[in-house]
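Listed below, chain by chain, are the residues.
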Amino acid sequence: MSPSIPILDATFMAKGTAEERAAFGQKFLESMTEYGFVKLVNHSVPLPVVEDTFSKIKQFFKLPFDVKRPTINDPKKGQQRGWSPPGEEKTWWLESNTGDVESPRFSDNKESFDCGDPKDKQFPNQWPAESALPGYQATMDQFYYDCGQLCVNLLEVLAAQMNLDPKLFSSKCTNEASTIRINHFPPIDRQTLESGQVSRIWPHNDFGIISLVFPDRTGGLEYEDRENPGTFIPMPYNGDDEVVVIISETFQRWTNGAVRAGLHRVTKPVDMVGDVVPERWSLVYFCKADRHINVGPLKEFVGPERQPLYEDLTALEYQAMRNAVHYPEPVAEGVSVEA
Ligand SMILES: O=C(O)CCC(=O)C(=O)O
Ligand SMILES: [Fe+2]
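Read on for an overview of the structure.

Rules behind the numbers
Residues numbered from 1 in each chain as written. Chains lettered and ligands numbered in written order. Predicted model: local features only at pLDDT ≥ 70, side-chain atom pairs only at ≥ 80, totals over all residues. Heavy atoms only, no water. Phe/Tyr/Trp six-rings, centres within 6.5 Å; stacked < 30°, edge-to-face > 60°. Helix = DSSP H or I, 4+ residues; strand = E, 2+ residues; numbered from the N terminus. Buried < 20%, exposed > 50% of the residue type's maximum accessible area, 1.4 Å probe, protein only. Near = heavy atom within 4 Å. Polar contact = N/O pair within 3.5 Å; in protein donor to acceptor, adjacent residues only side chain to side chain. Areas by Shrake-Rupley, 256 points an atom, 1.4 Å probe, with all protein chains shown as cover. Donors = N, O, S within 2.8 Å, 3.2 Å for Na, K, Ca; no water. Salt bridge = Lys/Arg side-chain N within 4 Å of Asp/Glu carboxyl O.

1. Observations concerning the packing of aromatic side chains
One pass over the structure, following the stated rule, counts 14 aromatic pairs. On the basis of an interplanar angle of 5° and a centroid distance of 5.3 Å, the ring pair of Phe60 and Tyr136 is categorised as stacked. With Phe60 in helix 2 (residues 47–62) and Tyr136 in helix 5 (residues 136–161), the pair connects residues that are 76 residues apart, well separated along the chain. By the burial criterion, Phe60 is buried, and Tyr136 matches it. Relative to Tyr285, the ring of Tyr144 has its centre 5.4 Å away and its plane inclined at 70°; by these criteria the two rings are edge-to-face. In this pair, Tyr144 is assigned in helix 5 and Tyr285 in strand 16 (residues 280–287), connecting sequence segments 141 residues apart. What makes Tyr144 buried here is its relative accessible area of 2%.

2. Structural notes on the site of ligand 1
In the region of ligand 1, 14 residues are neighbours, and Asn183, His204, His264, Arg280 and Ser282 sit closest. Within the side chain of Arg280, a nitrogen or oxygen atom sits 2.8 Å from an oxygen atom of ligand 1. Here ligand 1 loses 98% of its free accessible area of 290 Å² to cover by the protein chains. Secondary structure elements with two or more residues in the shell around ligand 1: strand 6 (179–185), strand 9 (201–204), strand 14 (264–266) and strand 16. Ranked by residue count, the leading element in the shell around ligand 1 is strand 16, at four residues.

3. Observations regarding the coordination of the iron ion (ligand 2)
Put simply, the ideal angle at a metal is 109.5 degrees for four donors in tetrahedral geometry and 90 or 180 degrees for six donors in octahedral geometry. The protein atoms donating to the iron ion (ligand 2) are His204 (NE2), Asp206 (OD) and His264 (NE2), with metal-donor distances spanning 2.1 to 2.2 Å. Overall, His204 belongs to the buried group, its relative accessible area being 8%.

4. Regarding the pattern of salt bridges
Summed over all chains, the structure comprises 16 salt bridges. Notably, a salt bridge pairs Glu111 with Lys68, separated by 3.4 Å at the nearest N-O pair. Of this pair, Glu111 sits in strand 5 (residues 111–115) while Lys68 sits in helix 3 (residues 65–68), and the two are 43 residues apart along the sequence. Of the residues examined, Glu111 reaches a relative accessible area of 5% and is grouped as buried. A salt bridge links Arg217 to Asp240; the nearest nitrogen and oxygen atoms lie 3.0 Å apart. Linking Arg217 in the loop between strand 10 (210–215) and strand 11 (221–224) with Asp240 in the loop between strand 12 (232–234) and strand 13 (243–247), this pair joins segments that are 23 residues apart in sequence. By relative accessible area, which is 57% here, Arg217 ends up exposed.

5. Description of unusual backbone geometry
One non-glycine residue, Asn42, lies in the positive phi region at around 55°. The exposure class of Asn42 is partly exposed, given its relative accessible area of 45%. Of note in this structure, Asn163 is not a glycine but carries a positive phi near 60°. In this structure, Asn163 sits in the loop between helix 5 and strand 6. We classify Asn163 as exposed; its relative accessible area is 72%.

By themselves these figures say nothing about function.
Rendered as structure tokens:
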């Protein structure tokens, strides 16, 4: 039987009896360790905020090209800001590149928009004109703070459950480098998606500490079955109040591989009918370590029997390195990697 990701009631993160809180912490860490994923209901990001953010992102992607163009992301900057036009980001390069494809043309059937801390001066956000989409920035800023707070609380539950200083992870994350990522997947014909040359998002791990995914009603998010590597299991949509929490690469590095990142991808919904894969959106919060923080293994996870598996790097260096992988330069002269 395929493993299914537990759904936990986040009410018991902070409220309830000591036993209820302990049971939440135990199941949360267990699920994150076993699968790399958990689903939460009754979490602290208010439903109206999620709904409002979803409604705004749908409007953002409908804006005319000329309004989106000034916000185009510069892949060379290391920290994503603004709009990545359709096909620009190529997640195939992250985990699917076996090195034996000479001139890969594999692309993502998606466009995205990234924004970060409203106070960030180093990598300022790039917004469309307020008159083009009134309230967009304010909505995203609210969503940013609410998700950041939930992530900090979740990191403290994880540390406490591991019998570590509860602030071990959260003290490395003031959310200065965390980002909101919104994705739009235009309709695509089933045959093209099934051709194997295009994916909505290829299998990948997220780069930060943990991620929150607020999925669209249209399914398509799938996670790897760790008992059968390379096999993916659909993550069903159950309701707008549900959020998927994913262990990401920084957490795997800090814990020296003890808690592994959850490999996931986005493809067609399992229940789709007809020849056209429907349009889809997703709303994601990548909780990332502060830029100067080391993302090598923490001393709590290394010892004579547990040699460090990962090199020391700052979070910013790591982010820039991983970003560069999925915004590749053309692979050879005359060969375009555009879709
Ligand atoms: O669209 C989704 O459900 C997940 C998106 C995702 O994995 C990502 O943006 O990294
Ligand atoms: Fe992801």
